[in-house]
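# Observations on the three-dimensional arrangement
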Amino acid sequence: MARIVMKFGGTSVADPERIRNVAARVKREVDAGNEVAVVVSAMAGVTNQLVAWCQELSPLHDAREYDAVVATGEQVTSGLLAIALQHIGIEARSWQGWQIPIRTDGAHGKARIDTIEGAELIRRMRELRQVAVVTGFQGLGPDHRVTTLGRGGSDTSAVALAAALAADRCDIYTDVEGVFTTDPRIVAKARKLDKITYEEMLELASVGAKVLQTRSVELAMKEKVRVQVLSSFAEAPGTLVVDEDEIVEKALVAGIAYSRDEAKITIRRVPDRPGIAAAIFGPLASAAINVDMIVQNVAADGTTDMTFTVPKADLPRAEATLAGIKEAIGYAEITADRDVAKVSVVGVGMRSHAGVASTMFRTLAEKGINIQVISTSEIKVSVLIGAEYIELAVRALHTAYGLDAA
Ligand code: ADP
Ligand code: ASP
Ligand code: MG
């Protein structure tokens, strides 16, 4: 007997028929004698619709009200799955974040989980053999209002719940059969990985591989949660996220990820003096805007151009923040470009092998793709390119690093 957390993403609960399929999978685990908690996402497309409505009414909306709106999707699916389970004879009840409670910090729209009260859930699993069906993505903030964990946050709910319940496994069911060398929806030759290291998965997630939310991997690594990614539609084994020493054959490049979620901002003719970067990035940080890639040109006439990327969703707030400090800083103008995308190659093998970056630059050059910004870490190289080239770039790099399936 094991205690497991099963998480089902939006596509897996997209309609009543699929919820029935999920209930059948949960029943199988219960019938095998396991104690089960389930975490569900909103039905496919629902969160996007809710976000779009908030945007439509006000691009600079109140994050607390945004959370009140977008948290509703998960409430629907948790209730529906509990009904589907009860219908096939499985003892189950739904739980919203505030009822458990799942306590988070107060960063509405991108809150972090602080604590989860697991005792009552464990008691019910033990004594009543009751399945807890928990809303993903949401929690309770210190202001006693509902918070959400950022897009893709149900993965993090699941891993955090697994840690709180001391579960033996956290199974993340999704619409692909596991973690692939790149997004299988854009590269048909992508290969499923049997195992991937926490570190590589963390880096891939942070540069755009949507299959797991970055924080869920961070948390799994810290709390030693055994995470498996697998399909809710197939019976095939999935991908295990493991420590580096569990992987025998280490590839130079584990995978390639891309993101269309960033926008590029250029500030022209910024005075080139000490403290200028702090004067720009300080206010952006205070506005909780995550700046990613940054380049500063050499100064010619005492001024310089500064280019960096921010999440597309934060672009209006970033522009407003920069407009507010124009006088104080004395730059000439700001320009924003939404038609950019970032492609990244990730692998722990990079630590000990040179040449990964140059292969990337050569491959893109051969395709006539211009590189706008470059950034690197110990196990990753990222470049910013025109959005229209993203699929071409990912496919070419996948081939160049020998990742294509036979
Ligand atoms: P869910 O709704 O189940 O959380 P997501 O859409 O958040 O599902 O994540 C699964 C999707 O992640 C896949 O459909 C796939 O298009 C995308 N994806 C991106 N990179 C990868 C990768 N390296 N391996 C697998 N899937 C990936
Ligand atoms: N429904 C939320 C989203 O789409 C959370 C999730 O699915 O993980 O971002
Ligand atoms: Mg997801």
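Keep in mind that this is a model prediction, so the values were computed, not measured.

Conventions we followed
Residues numbered from 1 in each chain as written. Chains lettered and ligands numbered in written order. Predicted model: local features only at pLDDT ≥ 70, side-chain atom pairs only at ≥ 80, totals over all residues. Heavy atoms only, no water. Near = heavy atom within 4 Å. Areas by Shrake-Rupley, 256 points an atom, 1.4 Å probe, with all protein chains shown as cover. Polar contact = N/O pair within 3.5 Å; in protein donor to acceptor, adjacent residues only side chain to side chain. Nonpolar A, V, L, I, M, F, W, Y, C, P; charged D, E, K, R; others polar. Axes fitted to C-alpha atoms, helices over the stretch in contact; angles between N-to-C directions. Helix = DSSP H or I, 4+ residues; strand = E, 2+ residues; numbered from the N terminus. Parallel < 35°, antiparallel > 145°, perpendicular 65-115°, else oblique. Left-handed = near helix turned anticlockwise from the far one by under 90°. Contact = heavy atoms within 4.5 Å. Phe/Tyr/Trp six-rings, centres within 6.5 Å; stacked < 30°, edge-to-face > 60°. Patch = residues over 30% accessible without salt bridge, like charges linked within 9 Å, V, L, I, M, F, W, Y side chains within 5 Å. Salt bridge = Lys/Arg side-chain N within 4 Å of Asp/Glu carboxyl O. Pairing = 2+ DSSP bridges.

Turning our eyes to something else, we now look at the site of ligand 2. All residues adjacent to ligand 2 are Ser-41, Ala-42, Thr-47, Glu-74, Phe-137, Arg-151, Gly-152, Gly-153 and Ser-154. Computed on the free molecule, ligand 2 has an accessible area of 260 Å², of which 87% lies beneath the protein chains in the complex.

On to the site of ligand 1. Around ligand 1 sit 16 residues in total, of which Thr-174, Asp-175, Phe-180, Asp-183 and Arg-185 are the nearest. Residue Thr-174 places a side-chain N or O atom 2.7 Å away from an oxygen atom belonging to ligand 1. Contact between ligand 1 and Asp-175: an oxygen atom at 2.8 Å from a side-chain N or O atom of the residue. The class makeup of the residues in the shell around ligand 1 is six nonpolar, five polar and five charged.

Remark: helix H1 (residues 16-31) packs on helix H4 (residues 72-87), axes separated minimally by 9 Å, with the N-to-C direction vectors making an angle of 60°. By the angle between their axes, H1 is oblique relative to H4. Like other packed secondary-structure pairs, H1 and H4 cross with a definite hand, here right-handed. Note on element contacts: H4 touches H1 through Leu-80, Leu-81, Ala-84 and Leu-85, opposite Ile-19, Val-22, Ala-23 and Val-26. Of the residues in the contact of H1 with H4, the class split is eight nonpolar, no polar and no charged.

So, about the packing of aromatic side chains. By convention here, two paired aromatic rings are described through the distance between centres and the angle between planes. Applying the stated criterion across every chain, the model contains two aromatic pairs. Where Phe-8 meets Tyr-173, the ring centres are 4.7 Å apart and the plane angle is 15°; that geometry is what we call stacked. Of this pair, Phe-8 sits in strand S1 (residues 3-8) while Tyr-173 sits in strand S9 (residues 169-174); the two residues are 165 residues apart in sequence, bridging distant segments of the chain. Between Phe-281 and Phe-308 the ring centres are 5.0 Å apart and the planes differ by 75°, which places this aromatic pair in the edge-to-face class.

On the surface, Val-76, Leu-80 and Ile-83 cluster together to form a nonpolar patch covering roughly 250 Å² of accessible area. Inspection of the secondary structure assignment puts Val-76 in helix H4.

Turning to the sheet that holds strand S17 (residues 333-337), a few remarks are in order. Strand order in this open sheet of four strands is S15-S16-S14-S17, and the pairing throughout is antiparallel. The two strands at the open ends of the sheet, each matched to only one other strand, are strand S15 (294-296) and S17. Each strand of the sheet is rotated relative to its neighbour by a mean of 15°, with strand direction disregarded. Of the strand pairs in this sheet, strand S14 (residues 262-271) and strand S16 (residues 303-311) are connected by eight bridges, and their pairing is antiparallel. Among the inter-strand pairings, Ile-265 is bridged to a residue of S16, identified as Phe-308. Against the sheet, helix H9 (residues 276-286) contacts S14, S15 and S16, and its axis sits at roughly 20° relative to S16. Packing of helix H10 (residues 315-324) onto the sheet brings it into contact with S14, S16 and S17, and relative to S14 it is tilted by some 10°.

All we've got here are geometric facts, nothing functional implied.
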